[in-house]
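Working through the structure, step by step
The primary structure of each chain is shown beneath.
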Amino acid sequence: MNKVLSTFSLGLMLTTASWANTSLTQDFKSLLTKYKVGTLANQAYCYKDTQGSIGGHQISKLMPIASVTKLFTTYFATELLDLNKRYTTKIYIKGDALHIEGGNDPYFEEEKMLLMIRALNAQGYSDFKTITFDKNFKFSDLALGEYQVLSTSHIGSKIATYMNTESYKTYIQTKWKAISKFADEEGVRLESDPALKMKASLVRFTEMNPIGEGAEIILTHKSLPLHRLLKSMNVMSKNLVSHYIFDEAAQIQSFNSFMKSRGFDTTKMAFYNGSGLPVKTGKIRKDNLTTCTIVLDLIQKLHQSILSKGFLPQDIIAVNGGQDNGSFRERFLNFPETHRAVLSKTGTLAVASALSGTLLTLSGEIQFSVLNKPNSSSAARKFQDNFVARMFHHLGEAAPIPYEKISIFPWDDSTFFEI
């Protein structure tokens, strides 16, 4: 009798799973048409339900994944790097000379530069004849549209822009206003106008510290822990941060070797960088590619890795429709039933729009991935938001998690420098 019931239950589960996949795929196709996303042959989706069954459309087709790449970078980092690591940047000062000794901080962008100037002003410094920096100081405010390695001349030029506040007074004030608003949204209080002052006659790259042990003062800045930087990277889809973290992990083990060692079929993926930005050489364009099912496997292993390190997935991955801003600021507004029940990453390029992550349901976690080659990115985003709501309808009722916002601002309101 028990054997009969067991066989019946298994058959019922298989029938239910088959029905869910068929009806969901019908919704997938009809919504693609409704939102005019593009040709069906250029679209894919997949999911793994709580019983381990995989469903979807074109689940093994190689597709561009854009910034969903950052979930792969996150897994790469959680497995090979210390999530509690803090990156140290040191400032050496002697007379009218300042040297920046970088610590490979992956998130030292305009917010941190302006905070550094504010901290230097608080120490009484505002005028230098020479500012030098080494190869481990990675600074830029550049919004990348394609993959590129930033040269020391580019970094030097950007430092000079910020370190001469009088020449760029309007520029600096505009930047401060923007980061002050950003900080306020993230629960960090900054002055409305700190009247930043800095002058540097010469900014240049140097291999060696020209001040060294002769420094009159050494100021030390320690970044937030890596797990907080990963959270910022994923919520805001920060490309430079992902490049630097990916490169740091790759110094320990190559990405392909790493993925093979974790059981992935690397013949079904082509990765050129850790952000998902295209690599362009003349008219040749290369995008990170993989299959929908590989993304599912990655997401499941990423969650396991995060948990094994003593964190929760929401500590590092964006929570949709909750308090995490960034790339989800305007997403899922019309689907409140999904809020705080989806942990995922977006991806948007001219040739791709993607949304991949985990649905939190009453019966458990369901990994999913939607990979589009759309006619319009805005149409694809509307489609994805609607389709995720339909996934909950077919696969399980949403189970929102309690979530207290984690600040994605790269610093808090504590002392910027240690002396």
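See the structure above.
Residues numbered from 1 in each chain as written. Predicted model: local features only at pLDDT ≥ 70, side-chain atom pairs only at ≥ 80, totals over all residues. Heavy atoms only, no water.

**Focus: the state of the cysteines**
- Applying the stated criterion to the full structure yields 1 disulfide.
- The disulfide bridge from cysteine 46 ends at cysteine 292, spanning 2.2 Å between sulfur atoms. Note on the cysteine 46 and cysteine 292 pair: the S-S dihedral is about -100 degrees, so by sign convention the disulfide is left-handed. Highlighted residues: cysteine 46 in strand β1 (residues 43-48) and cysteine 292 in helix α9 (residues 292-308), separated in sequence by 246 residues.
- For cysteine 292, a relative accessible area of 0% gives the class buried. (Disulfide = S-S within 2.5 Å. Helix = DSSP H or I, 4+ residues; strand = E, 2+ residues; numbered from the N terminus. Buried < 20%, exposed > 50% of the residue type's maximum accessible area, 1.4 Å probe, protein only.)

**Here's the deal with the sheet that holds strand β6 (residues 127-133)**
- Spatially, β7-β6-β5-β4-β8 is the arrangement adopted by the 5 strands of the open sheet, whose pairing is mixed. Each edge of the sheet is formed by a strand with only one pairing partner; in this case those strands are β7 (199-205) and β8 (217-222). Averaged over all adjacent pairs, the angle separating strand axes in this sheet is 20 degrees, with direction ignored.
- Two elements, strand β4 (residues 88-94) and β8, share 6 bridges in a ladder whose sense is antiparallel. Within β8, the position partnered with threonine 88 by the bridge is lysine 222. (Pairing = 2+ DSSP bridges. Axes fitted to C-alpha atoms, helices over the stretch in contact; angles between N-to-C directions.)

**Let's talk about the pattern of salt bridges**
- By the definition in use, this model includes 17 salt bridges.
- Its salt-bridge partner being aspartate 105, residue lysine 112 comes within 2.8 Å of it at the nearest N-O pair. Taken individually, lysine 112 and aspartate 105 each receive the classification buried, so the pair is uniform in this respect.
- The closest approach of N and O atoms between lysine 175 and aspartate 141, which form a salt bridge, is 3.8 Å. With lysine 175 in helix α5 (residues 169-185) and aspartate 141 in the loop between β6 and α4 (152-162), this residue pair connects regions lying 34 residues apart in the sequence.
- Owing to a relative accessible area of 13%, aspartate 141 belongs among the buried residues under this scheme.
- Each of Glu110, Asp141, Lys158 and Lys175 takes part in salt bridges that share partners, so that together they form one network. (Salt bridge = Lys/Arg side-chain N within 4 Å of Asp/Glu carboxyl O.)

**Focus on unusual backbone geometry**
- We note that lysine 36 has phi near 55 degrees; this positive angle belongs to a residue other than glycine.
- Looking at the element boundaries, lysine 36 is found in the loop between α1 (2-34) and β1.
- For lysine 36, a relative accessible area of 66% translates into the label exposed.
- A positive phi is found at glutamine 58, a non-glycine position, where the angle reads about 55 degrees.
- With respect to the secondary-structure elements, glutamine 58 resides in the loop between β2 (54-57) and β3 (63-64).
- The class of glutamine 58 is partly exposed, set by a relative accessible area of 28%.

**Regarding the side chain of glutamine 314**
- The topology assignment puts glutamine 314 in the loop between α9 and β13 (318-319).
- With sequence-adjacent residues up to four places away left out, glutamine 314 is seen in contact with Lys231, Val319, Leu343, Ile401, Tyr403 and Ile406. (Contact = heavy atoms within 4.5 Å.)

**So, the packing of helix α2 (residues 69-80) against α9**
- Running from amino to carboxyl end, α2 crosses α9 at an angle of 35 degrees, the nearest separation of the two axes being 10 Å. Remark: the crossing between α2 and α9 carries left-handed chirality. Counting all contacts with α2, which are made through Leu71, Phe72, Thr74, Tyr75, Thr78 and Glu79, the residues of α9 involved are Ile294, Val295, Leu298, Ile299, Lys301, Leu302, Ser305 and Ile306.
- Tallied by class, the residues present in the contact of α2 with α9 amount to 9 nonpolar, 3 polar and 2 charged. (Left-handed = near helix turned anticlockwise from the far one by under 90°. Nonpolar A, V, L, I, M, F, W, Y, C, P; charged D, E, K, R; others polar.)

**A word on the sheet that holds strand β14 (residues 342-349)**
- Strand order in the open sheet formed by 6 strands is β2-β1-β16-β15-β14-β13, with antiparallel pairing between adjacent strands. Bordering the open sheet on either side are β2 and β13, each of which pairs with just one other strand.
- Packing of α9 onto the sheet brings it into contact with β1, β2, β14, β15 (352-361) and β16 (364-372), and relative to β16 it is tilted by some 140 degrees.

**A closer look at helix α7 (residues 239-250)**
- Taking 1.5 Å per residue as the helical rise, α7 with its 12 residues ought to reach 16 Å, and the 16 Å between its terminal C-alpha atoms agrees with that figure.
- α7 sits mainly inside the fold: 10 of its 12 residues count as buried.
- Looking at the buried side of α7, the elements it contacts are α2, α6 (226-236) and α8 (255-261). (Expected span 1.5 Å × (residues − 1).)

**Section: the pairing of β1**
- Within β1, 6 of the 6 residues are buried, which leaves the element mostly enclosed by the surrounding structure.
- Two elements, β1 and β16, share 6 bridges in a ladder whose sense is antiparallel. Its bridge partner lying in β16, alanine 44 is registered against leucine 371.
- By the bridge criterion, 4 bridges tie β1 to β2 in an arrangement that is antiparallel. What sits directly across from lysine 48, in β2, is isoleucine 54.

**Focus: the nonpolar core**
- Membership of the largest hydrophobic core comes to 115 residues, with the highest contact counts inside it found for Met113, Met116, Leu120, Ile159 and Met163.
- Those residues in contact with methionine 113 that sit more than four places away from it in its chain are Phe108, Phe137, Phe139, Ile159, Tyr162 and Met163.
- Grouped together as the second largest cluster of nonpolar side chains are 8 residues, Ala66, Leu144, Leu150 and Leu277 included. (Core = buried A, V, L, I, M, F, W, Y, C linked by side-chain atoms within 4.5 Å.)

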